[in-house]
Amino acid sequence: MIKVNLDIMLVKRNMSVTELAEQVGITQANMSILKTGKAKAIRFSTLEKICQVLSCQPADLLEYVDEVS
């Protein structure tokens, strides 16, 4: 499972979901879907812009977690 740690980065950068969405150029609804981990995919261009705005690496936002059955 891929875990999205966007909420952690937002707290570290003292930024709201709304502010990030505006700076990235996507809707607040889509940013919320991504933040909650409900997104099925993300465009590399969107990931790149998020990393640019938050001054971070993709690995700061996405983490692989092994699911134990």
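What counts and how
- Residues numbered from 1 in each chain as written.
- Predicted model: local features only at pLDDT ≥ 70, side-chain atom pairs only at ≥ 80, totals over all residues.
- Heavy atoms only, no water.
- Helix = DSSP H or I, 4+ residues; strand = E, 2+ residues; numbered from the N terminus.
- Buried < 20%, exposed > 50% of the residue type's maximum accessible area, 1.4 Å probe, protein only.
- Polar contact = N/O pair within 3.5 Å; in protein donor to acceptor, adjacent residues only side chain to side chain.
- Axes fitted to C-alpha atoms, helices over the stretch in contact; angles between N-to-C directions.
- Parallel < 35°, antiparallel > 145°, perpendicular 65-115°, else oblique.
- Left-handed = near helix turned anticlockwise from the far one by under 90°.
- Contact = heavy atoms within 4.5 Å.
- Nonpolar A, V, L, I, M, F, W, Y, C, P; charged D, E, K, R; others polar.
- Core = buried A, V, L, I, M, F, W, Y, C linked by side-chain atoms within 4.5 Å.
- UniProt positions renumbered as here; feature names shortened; annotations may be inferred.

Draft legend 1. Structural detail: the side chain of N5. Within the secondary structure, N5 sits in the loop between β1 (2–4) and α1 (6–12). Given a relative accessible area of 8%, N5 falls into the buried group. In terms of polar contacts, N5 uses its side chain to reach the side chain of E63, at 3.0 Å.

Draft legend 2. Spatial organisation of the packing of helix α2 (residues 17–24) against helix α4 (residues 44–54). Their axes nearest at 9 Å, the elements α2 and α4 cross at an angle of 120 degrees. When the axis of α2 is compared with that of α4, the two are oblique. When the axes of α2 and α4 are compared, the crossing they make is right-handed. From α2, L20, Q23 and V24 reach across to α4, where they touch T46, K49, I50, V53 and L54. Each residue belonging to the contact of α2 with α4 can be placed in one class, and the counts come to five nonpolar, two polar and one charged.

Draft legend 3. Inspection of the nonpolar core at higher detail. One finds L6, L10, L20, M31, I50, L54 and L61 to be the most contacted residues of the largest nonpolar core, which totals 18 residues. Going through the elements one at a time, α1, α2, α3 (28–35) and α4 are the ones with two or more residues in this core. For this core, the element with the highest residue contribution is α4, accounting for five residues. Each residue touching L6, except ones within four places of it in the same chain, is listed here: L20, M31, L34, K35, I50, L54 and L61.

Draft legend 4. Summary view of the packing of α2 against α3. Where α2 contacts α3, the axes come no closer than 9 Å and their chain directions differ by 115 degrees. Comparing the axis directions of α2 and α3 gives the class roughly perpendicular. Classified by chirality, the crossing of α3 by α2 is right-handed. Residues V17, T18, L20, A21 and V24 of α2 form the contact with α3, whose participating residues are Q28, M31, S32 and K35.

Draft legend 5. Representation of the UniProt feature "domain: HTH cro/C1-type" (unreviewed entry) in the protein chain in the model. Using the residue numbers shown here, the UniProt feature "domain: HTH cro/C1-type" (unreviewed entry) corresponds to residues 12–61. Helix and strand shares over residues 12–61 are 64% and 0% respectively, and the end C-alpha atoms of the span are 12 Å apart.

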